[in-house]
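Fold and contact review
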Amino acid sequence: EAGVAQSPRYKIIEKRQSVAFWCNPISGHATLYWYQQILGQGPKLLIQFQNNGVVDDSQLPKDRFSAERLKGVDSTLKIQPAKLEDSAVYLCASSLDGVGRPHCTFGSGTRLTVV
Amino acid sequence: AQKVTQAQTEISVVEKEDVTLDCVYETRDTTYYLFWYKQPPSGELVFLIRRNSFDEQNEISGRYSWNFQKSTSSFNFTITASQVVDSAVYFCALSGINSGSRLTFGEGTQLTVNP
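The present account deals with the structure reproduced in this document. (Residues numbered from 1 in each chain as written. Chains lettered and ligands numbered in written order. Predicted model: local features only at pLDDT ≥ 70, side-chain atom pairs only at ≥ 80, totals over all residues. Heavy atoms only, no water.)

**Some points on the interface of chain B and chain A**
Inclusion rule: It only takes one pair of heavy atoms within 4.5 Å for two residues to be counted as in contact. Reported buried area values correspond to the accessible surface (1.4 Å probe) lost by two parts on association, with both partners' losses combined. When a carboxyl oxygen of Asp or Glu is within 4 Å of a side-chain nitrogen of Lys or Arg, the pair counts as a salt bridge. Each helix is a run of DSSP H or I of at least 4 residues and each strand a run of E of at least 2, with the numbering of both proceeding from the N terminus. Three classes are used, and their members are as follows: Ala, Val, Leu, Ile, Met, Phe, Trp, Tyr, Cys and Pro are nonpolar, Asp, Glu, Lys and Arg are charged, and the others, Gly among them, are polar.
Across the boundary between the two partners, chain B contributes 20 residues, which contact 23 residues of chain A. Summed over both partners, the interface of chain B with chain A buries about 1600 Å², with 50% contributed by carbon and sulfur atoms. A per-residue breakdown of the area chain B buries against chain A is headed by B:Arg50, B:Ser101 and B:Arg102, which together make up 34% of the total. Linking chain B with chain A are two salt bridges. Here A:Asp56 and B:Arg102 are joined by a salt bridge, their closest N and O atoms 3.8 Å apart. Those elements that provide at least two residues to the side of chain B that touches chain A are strand E5 (32-39), strand E6 (46-52) and strand E10 (88-96) of chain B. With four residues, E5(B) is the single largest residue contributor to the side of chain B that touches chain A. Partitioned by chemical class, the residues of the side of chain B that touches chain A number eight nonpolar, eight polar and four charged.

**Describing the pairing of strand E9 (residues 74-79) of chain B**
All names here are of chain B. Selection criterion: To sort residues, take the accessible area from a 1.4 Å probe on protein chains only and compare it with the maximum for the residue type: under 20% means buried, over 50% means exposed, and anything in between is partly exposed. At least two DSSP bridges between two strands are needed for those strands to be called paired.
Most of E9 sits out of view: six of its six residues are buried. Residues Ser74, Asn76 and Thr78 point to one face of E9 and Phe75, Phe77 and Ile79 to the other, with burial holding for every one of them. Two elements, strand E3 (residues 19-21) and E9, share three bridges in a ladder whose sense is antiparallel. The residue bridging Val19 from the neighbouring strand is Ile79, located in E9. Across six bridges, the pairing between strand E8 (residues 64-69) and E9 is antiparallel. Its bridge partner being in E9, Tyr64 is matched across the sheet by Ile79.

**Overview of the state of the cysteines**
Residue and element names in this part refer to chain A. Formally: Put simply, a disulfide is two cysteine sulfurs that come within 2.5 Å.
The tally for this structure, following the rule as stated, stands at two disulfides over all chains. One disulfide in the model links Cys23 with Cys92; its S-S distance is 1.9 Å. Between Cys23 and Cys92 the sulfur-sulfur dihedral comes to about -70°; the bridge is accordingly left-handed. Separated by 69 residues along the polypeptide, Cys23 in strand E3 (residues 19-24) and Cys92 in strand E9 (residues 88-95) bring together distant segments of the chain. The exposure classification of Cys23 matches that of Cys92, with both residues buried. Distance from the sulfur of Cys104, which forms no disulfide, to the nearest cysteine sulfur (Cys92) is 8.9 Å. Owing to a relative accessible area of 3%, Cys104 belongs among the buried residues under this scheme.

Quick look at the structure:
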């Protein structure tokens, strides 16, 4: 089974620029998550999708972050404009919920550096 | 609200020593799941174990063992006869029955195993 695919692997941008990250979940996984992991901290949920609908985006800084999941498969997370404090690893994960035993598979992440 | 606390920020041991990583959690859910993930230097999050709140039986898997105590809200992880390859950041995480696979992570414990 192919894992969760993310690209790019690394990105360096200047503050106030925009950036986009892409995620392709495991085939058949209805639920998709974006987490932000700042260096030295645990991952924190930004947004959760169920198919192409948003379940929870309470922690997403909506003034600069946006995310979409068209057709309930791939997802894109965008930051515009970026700030220095957005430097982090952005992890995408997917899960096959509704089967009684939650299990989340993570991608390798995109490491963003804002200079 | 859910919270996971990993009080040990960094642990350093010599190869073949046993080491225990502590995890304390808070939740109002009566049914929930607890997880441990490993994050090696390469950055991906590797799933180690999932436990549901109804099952307090301790588990052993090779050199790994887990001690779940509902009375103290703890889910500790022990590595027996540690090896250099065990060096990584270890995260404890929690999801509630209504959260699906949406995870609340602790801040992580950096384990360094020295030869």
